[in-house]
Amino acid sequence: VLVPMLTKRFSLAVRALAAAAVLTLTLAACGGGDDEPAEVPADAIALVGDTPVPKADFDELMARAQQSYEAQEREFPAVGTPEYLDLQSRAVAFLVQRYRFQAEAEALEIEVTDEEVQERLDQIRDESFEGDQERFDEALEAEGLTVEQAEGEIRAQLLQEKLFERVTGDVEVTDEDVASYYEENQEQFTQPASRDVRHILVKNKNRADEIHAELENGGDFAQLARRYSQD
């Protein structure tokens, strides 16, 4: 969703709204092996084990996504539209995944220090903004992030990296392993030819030519579709 270099490093909470999930703000418990799922508290959107995922986290994430859209002069999806519901579902999936990572890290006694967080922030500032603190702060503001929120994003990212290193550190994969897996799972590595198709349906060729010219000059496809399409 987001373009600035900043988002590639720590604005995952907005850009990585991924892994589709069916939205339900009263989700059944995520995790746990009980036959009867635990009841999700009123101020939460899900449970990860016995840990609630606070609705406040969800609201903050959606607000930051909206601010990011506005900073890019993009229209934020209207409440109730499929696009808005999709964004909500991705936000829920993202937060549930984050809380799962946190639970696993706690179980393995993995911690991230303040010094590690600051070191990564300094690295982003130096590499992406040539060490310019003012530009860095402006990028934070454009992403809808306070310094504290940015530190939180970095901490979560570092925690995931450490968790990955811990659980894969002693794993060795040989060329024979790779070849064998590929032979047994070739369907995972093939994809039929496909095309992504969008259209704006109008009955008048002159109008179609006008719309085409607007698109060629940088017009927004979605806005033009809402304005003109008769389909």
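Residues numbered from 1 in each chain as written. Predicted model: local features only at pLDDT ≥ 70, side-chain atom pairs only at ≥ 80, totals over all residues. Heavy atoms only, no water.

Caption draft 1: Layout of the packing of helix α3 (residues 55–71) against helix α4 (residues 82–107). Closest axis-to-axis distance for the α3/α4 pair is 10 Å, and the angle between their directions is 130°. The orientation of α3 with respect to α4, classified from their angle, is oblique. Pair α3 / α4 crosses with right-handed handedness. Residues D57, F58, L61, M62 and A65 of α3 touch α4, and the partners they reach there are Y84, L87, Q88, A91, V92, F94, L95 and Y99. (Axes fitted to C-alpha atoms, helices over the stretch in contact; angles between N-to-C directions. Helix = DSSP H or I, 4+ residues; strand = E, 2+ residues; numbered from the N terminus. Parallel < 35°, antiparallel > 145°, perpendicular 65-115°, else oblique. Left-handed = near helix turned anticlockwise from the far one by under 90°. Contact = heavy atoms within 4.5 Å.)

Caption draft 2: Just the pattern of salt bridges, in detail. The full count for this structure, using the stated rule, is 14 salt bridges. The salt bridge involving R120 is made with E161; its shortest N-O contact spans 3.0 Å. With R120 in helix α5 (residues 114–129) and E161 in helix α7 (residues 147–168), this pair connects stretches of sequence that are 41 residues apart. Judged by relative accessible area, which is 16%, R120 ranks as buried. Among the salt bridges present, the one from R125 reaches D122, with a minimum N-O distance of 3.4 Å. In this pair, R125 and D122 are both assigned in helix α5, three residues apart and thus about one turn of the helix distant. Taken together, the shared-partner salt bridges in this structure form one network comprising E60, R64, R98 and E153. (Salt bridge = Lys/Arg side-chain N within 4 Å of Asp/Glu carboxyl O. Buried < 20%, exposed > 50% of the residue type's maximum accessible area, 1.4 Å probe, protein only.)

Caption draft 3: Representation of the environment of R198 within the structure. Take R198: it is sitting in the loop between α8 (175–184) and α9 (205–216). Of the residues examined, R198 reaches a relative accessible area of 61% and is grouped as exposed. Sequence spacing of R198 and A222 is 24 residues, and the spatial spacing of their C-alpha atoms is 9.6 Å.

Caption draft 4: Region of the structure containing unusual backbone geometry. Positive phi outside glycine occurs at E109, with the angle close to 60°. On the secondary structure map, E109 appears in the loop between α4 and α5. According to the relative accessible area criterion, E109 is exposed, its value standing at 69%. Phi at E130 is positive, roughly 50°, even though this residue is not glycine. When you line up the elements, E130 lands in the loop between α5 and α6 (133–142).

Caption draft 5: Inspection of the packing of aromatic side chains at higher detail. What the rule picks out here adds up to five aromatic pairs. With 6.0 Å between their ring centres and 85° between their planes, F76 and Y84 make a pair best called edge-to-face. Residue classification places Y84 among the buried residues on the basis of a relative accessible area of 14%. Plain terms: the ring middles of Y181 and F189 are 6.4 Å apart, the flat faces sit at 80° to each other, and that makes the pair edge-to-face. For Y181, a relative accessible area of 41% gives the class partly exposed. Cluster of aromatic residues (ring-pair linked, three or more members): Y69, F76 and Y84. Its end group placed over the ring of Y69, R74 keeps NZ or CZ at 4.3 Å from the ring centre. Over the aromatic face of F221 sits the side chain of R198, whose NZ or CZ is 3.9 Å from the ring centroid. (Phe/Tyr/Trp six-rings, centres within 6.5 Å; stacked < 30°, edge-to-face > 60°. Lys NZ or Arg CZ within 6 Å of the ring centre and 35° of its normal.)

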